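Spelled out, the chains give:
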Amino acid sequence: MVMAFLYLPMLIVVVYSFNGGNQALLWKGFSLRWYAQVFTSEAIIDATLVSLKVAVIATVVSTVLALAFVLSAEKLSRAGNTMASLLLDAPIVIPEIVMGVATLSFIRLLGMSPGFWPLVFAHVTFCIPFVLMPLRARLQNLDPAITEAAADLGASNATIIARIQLPLLMPGILSGALMAFVTSLDDFMISNFLTSAGSTTLPIYIFGLIRKGINPSLNVVATLLLMLAIVIAVGTSLMQRKEDA
């Protein structure tokens with residue numbers, strides 16, 4: 001019953017995305033007209049491009065920062081490592097509305113206005129913990145004797161990182177990057193505080209459409225996002241299996 005409650009509404013959304021009528025939940029026959037409308041709507045395309053740009057930049061930056069922390073954490077003291085980990089993991093436990101208000105206040109103090117780059121800054125902040133989780137798990141499974149042997153053989157720190165640690169961490173890097181990407185792409189609450197004209201993300205645009213009334217185009221957008229989430233989830237699962245093997 002729990003599984004049906006969770007997934008049956010998603011199935012209904014997917015089915016009714018092929019509805020030929022003008023009502024979201026009133027079936028009038030099979031049609032692709034709403035898919036054609038979504039793929040030709042300039043407003044939806046613009047919002048999608050903004051979301052993709054923010055997600056890509058936030059994913060790259062958060063992955064680089066999380067990787068840098070993981071590789072340097074062992075050089076910190078235990079207290080320093082613990083404190084840094086708590087600060088980086090804070091966005092997971094802090095309510096999103098608090099994060100949104102705090103980020104908006106901070107950029108106002110800096111003399112900035114809501115827009116594209118403040119939005120990217122906020123997304124980088126809350127994406128870092130999602131990259132850290134698989135990286136930490138992967139790093140804990142690595143045998144420290146490998147890097148110790150490389151150091152004993154005269155390898156420099158740069159060589160150890162580039163030729164040993166990074167290849168071994170790659171499944172965790174890719175898994176964390178995918179998690180960060182889908183988290184950024186799906187965010188609504190924090191983005192709601194930081195968007196402005198010209199930097200409206202897809203979730204914000206969808207929310208605006210819902211307030212005007214639900215039509216089948218929303219089912220199409222939801223279906224496409226669901227398909228993207230499934231692809232990313234399957235990709236992450238396959239990488240985790242490869243890592244375990």
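Above this note sits the structure.
Residues numbered from 1 in each chain as written. Predicted model: local features only at pLDDT ≥ 70, side-chain atom pairs only at ≥ 80, totals over all residues. Heavy atoms only, no water.

Caption draft 1: Broad picture of the packing of helix α6 (residues 116–140) against helix α8 (residues 157–186). Packing of α6 against α8 brings their axes to within 8 Å, and their N-to-C directions diverge by 150°. One way to sum up the angle between α6 and α8 is to call them roughly antiparallel. At the point where α6 passes α8, the crossing takes the right-handed sense. Residue-level contacts link H123, F126, C127, F130, V131, M133, P134, L135, R138 and L139 of α6 to L168, L169, P171, G172, I173, S175, G176, M179, A180, T183 and S184 of α8. In terms of residue class, the contact of α6 with α8 is made up of 14 nonpolar, six polar and one charged. (Axes fitted to C-alpha atoms, helices over the stretch in contact; angles between N-to-C directions. Helix = DSSP H or I, 4+ residues; strand = E, 2+ residues; numbered from the N terminus. Parallel < 35°, antiparallel > 145°, perpendicular 65-115°, else oblique. Left-handed = near helix turned anticlockwise from the far one by under 90°. Contact = heavy atoms within 4.5 Å. Nonpolar A, V, L, I, M, F, W, Y, C, P; charged D, E, K, R; others polar.)

Caption draft 2: Examining the packing of aromatic side chains more closely. Inspection of the entire model under this criterion finds five aromatic pairs. Judged by centre distance (5.5 Å) and plane angle (15°), the ring pair of F18 and F30 falls under stacked. One end of the pair, F18, is in the loop between α1 (2–16) and α2 (33–40); the other, F30, is in the loop between α1 and α2, with twelve residues separating them in the sequence. F30 sits in the exposed class, given a relative accessible area of 61%. Taking 5.0 Å as the distance between ring centres and 50° as the angle between the ring planes, the aromatic pair formed by F188 and F207 counts as tilted. A residue pair is termed long-range when its members are at least 10 positions apart, and F188 in the loop between α8 and α9 (189–194) and F207 in helix α10 (residues 202–212) qualify at 19 residues. Given a relative accessible area of 25%, F188 falls into the partly exposed group. An aromatic cluster of three or more residues is present, and its members are F18, F30 and Y35. (Phe/Tyr/Trp six-rings, centres within 6.5 Å; stacked < 30°, edge-to-face > 60°. Buried < 20%, exposed > 50% of the residue type's maximum accessible area, 1.4 Å probe, protein only.)

Caption draft 3: Highlighting the nonpolar core. The biggest cluster of nonpolar side chains holds 28 residues, and the ones touching the most others in it are A66, L67, L132, L135, L169, I190 and L194. Residue assignment for this core shows that the elements contributing at least two residues are α3 (42–72), α5 (96–109), α6, α8 and α9. Sort the elements by how many residues they give to this core and α6 lands first, with ten residues. With residues up to four places along the chain from it excluded, the contact list for L132 reads A66, F69, V70, L88 and D89. (Core = buried A, V, L, I, M, F, W, Y, C linked by side-chain atoms within 4.5 Å.)

It is worth stressing that arrangement in space is one thing and function is another; only the former is reported here.
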